[in-house]
Amino acid sequence: MANNIINSIKFNNIPFFDGTKGFAVIYLSGEFHLFFPYSTFTKGWIMHFRSTDGYEWEQMDEAVFVKKSVDSCAAYIQNGKIYLHYLTKNIFGKTDLHLAVSKDGENFQGYPNALLKNTALKDIKCFYSNGMRYLIGSETNGDIIPAYS
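Let me sum up the structure you'll find in this document. (Residues numbered from 1 in each chain as written. Predicted model: local features only at pLDDT ≥ 70, side-chain atom pairs only at ≥ 80, totals over all residues. Heavy atoms only, no water.)

## Concerning the side chain of T95
Point 1. With respect to the secondary-structure elements, T95 resides in strand β8 (residues 95-102).
Point 2. Within the structure, T95 has its side chain in polar contact with the side chain of T119 (distance 2.8 Å).
Point 3. Aside from chain neighbours lying at most four places away, what touches T95 is L87, T88, N90, L116, K117, N118, T119, A120 and L121. (Helix = DSSP H or I, 4+ residues; strand = E, 2+ residues; numbered from the N terminus. Polar contact = N/O pair within 3.5 Å; in protein donor to acceptor, adjacent residues only side chain to side chain. Contact = heavy atoms within 4.5 Å.)

## Structural notes on the nonpolar core
Point 1. Counting residues in hydrophobic clusters, the biggest one holds 16 residues, and the most contacted among them are F35, I46, V64, L84 and Y86.
Point 2. Among the elements of the structure, β1 (24-28), β5 (64-66), β6 (70-78) and β7 (81-89) are those that each provide at least two residues to this core.
Point 3. Here Y86 is in contact with I46, V64, V66, V70, S72, C73, D96, L97, H98, L99, A100 and I124, once residues within four sequence places are set aside.
Point 4. In this structure, Y76, L87, L97 and I124 belong to the second largest nonpolar core, which totals 11 residues. (Core = buried A, V, L, I, M, F, W, Y, C linked by side-chain atoms within 4.5 Å. Buried < 20%, exposed > 50% of the residue type's maximum accessible area, 1.4 Å probe, protein only.)

## Some remarks on the pairing of β6
Point 1. Taking burial as the measure, the 9 residues of β6 include 8 buried ones, the bulk of the element.
Point 2. Looking at chain direction, β6 and β7 are connected through 8 bridges and run antiparallel. Its bridge partner being in β7, S72 is matched across the sheet by L87.
Point 3. Where β6 folds back onto β7 in an antiparallel hairpin, the turn is made up of 2 residues, including N79, whose phi is positive at roughly 50°. (Pairing = 2+ DSSP bridges.)

## Here's the deal with the packing of aromatic side chains
Point 1. The final tally for this structure, using the stated rule, is 11 aromatic pairs.
Point 2. Note on F16 and Y38: the rings are 4.1 Å apart at their centroids and 35° apart in plane angle, and the pair reads as tilted. One end of the pair, F16, is in the segment before β1; the other, Y38, is in strand β2 (residues 31-39), and 22 residues separate them in sequence.
Point 3. Centre to centre, the rings of Y76 and Y83 are 5.2 Å apart; their planes meet at 0°, and the pair counts as stacked.
Point 4. By relative accessible area, Y76 is classed as buried at 5%.
Point 5. Clustering of aromatic rings is evident, with ring pairs tying together F16, Y38, W45 and F65. (Phe/Tyr/Trp six-rings, centres within 6.5 Å; stacked < 30°, edge-to-face > 60°.)

Set out below in structure tokens:
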């Protein structure tokens, strides 16, 4: 069986979107939510856009703002809440893994401390299945794919 592309979605009209950075799309309560990192040298944001059809996107308030560069993000849904993981670059040249949670899909509450510090994680993905939360990422050097649960 051949894989056929049904439709390609271009995020041309979404400011600051860079498909080479890790991004997340989830579907909750009839809406798609797109999250992606945007950074300057000393600040970072997880941008948030919403769509009902997957083609026309509305910009929401930023999901997260930090005083560090943001490298990647990933999201999943558990019990109607959005769990948004993101990586920030630290002063050692490594990454720290952070978490923010939203009960309503618009307001995110960040955890005060990093879940993992000084990692080599990059391009993270996460999901929830059978009562377990999983995080997968790639190491910046080598062919290792670390997995956390």
